[in-house]
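Secondary and tertiary structure notes
Here is how the chains run, residue by residue.
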Amino acid sequence: MEDENNNVYDFIEFRMHKLIEETAVSGELELARQMSDCLDAYLMGDALIEFVDGWPLVTKIDKK
């Protein structure tokens, strides 16, 4: 039996990629870079991302 989780896509990653692209295309390159850094931290497990009114709210995870 195939693993059921193979078809689950991380909405946060998808939405962040889209926001980064939209932001860069609009000329806000520094903001796009900062959002890209936040996405990297999220993917590495160093941050949590939630969306408030369509914008990402990033919380750093304190790993002790």
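In the block above lies the structure referred to throughout.
No experiment lies behind these values; they were computed from the predicted model shown.

Concerning a nonpolar patch on the surface
Residues Tyr-9, Phe-11 and Phe-14 make up a contiguous nonpolar surface patch of roughly 370 Å² in combined accessible area. When its relative accessible area of 53% is taken as the criterion, Tyr-9 is described as exposed.

Considering the nonpolar core
In terms of nonpolar packing, the biggest core is built from 9 residues, these being Ile-12, Met-16, Leu-19, Ile-20, Ala-32, Met-35, Leu-39, Tyr-42 and Ile-49. Residue assignment for this core shows that the elements contributing at least two residues are helix H1 (11-25) and helix H2 (29-43).

Things to note about the packing of H1 against H2
Relative orientation and spacing of two packed helices are given, respectively, by the angle between their axes and the distance between those axes. Two elements in contact, H1 and H2, have axes separated by 8 Å at closest approach and are oriented at 165°. Relative to H2, H1 is oriented roughly antiparallel. The interaxial crossing formed by H1 with H2 has left-handed handedness. Here Ile-12, Glu-13, Met-16, His-17, Leu-19, Ile-20, Thr-23 and Ala-24 of H1 come into contact with H2, specifically with Leu-29, Leu-31, Ala-32, Met-35, Ser-36, Leu-39, Tyr-42 and Leu-43. Of the residues assigned to the contact of H1 with H2, the class counts are 12 nonpolar, 3 polar and 1 charged.

Here is what the cut-offs are and how they apply
Residues numbered from 1 in each chain as written. Predicted model: local features only at pLDDT ≥ 70, side-chain atom pairs only at ≥ 80, totals over all residues. Heavy atoms only, no water. Patch = residues over 30% accessible without salt bridge, like charges linked within 9 Å, V, L, I, M, F, W, Y side chains within 5 Å. Areas by Shrake-Rupley, 256 points an atom, 1.4 Å probe, with all protein chains shown as cover. Salt bridge = Lys/Arg side-chain N within 4 Å of Asp/Glu carboxyl O. Buried < 20%, exposed > 50% of the residue type's maximum accessible area, 1.4 Å probe, protein only. Core = buried A, V, L, I, M, F, W, Y, C linked by side-chain atoms within 4.5 Å. Helix = DSSP H or I, 4+ residues; strand = E, 2+ residues; numbered from the N terminus. Axes fitted to C-alpha atoms, helices over the stretch in contact; angles between N-to-C directions. Parallel < 35°, antiparallel > 145°, perpendicular 65-115°, else oblique. Left-handed = near helix turned anticlockwise from the far one by under 90°. Contact = heavy atoms within 4.5 Å. Nonpolar A, V, L, I, M, F, W, Y, C, P; charged D, E, K, R; others polar.

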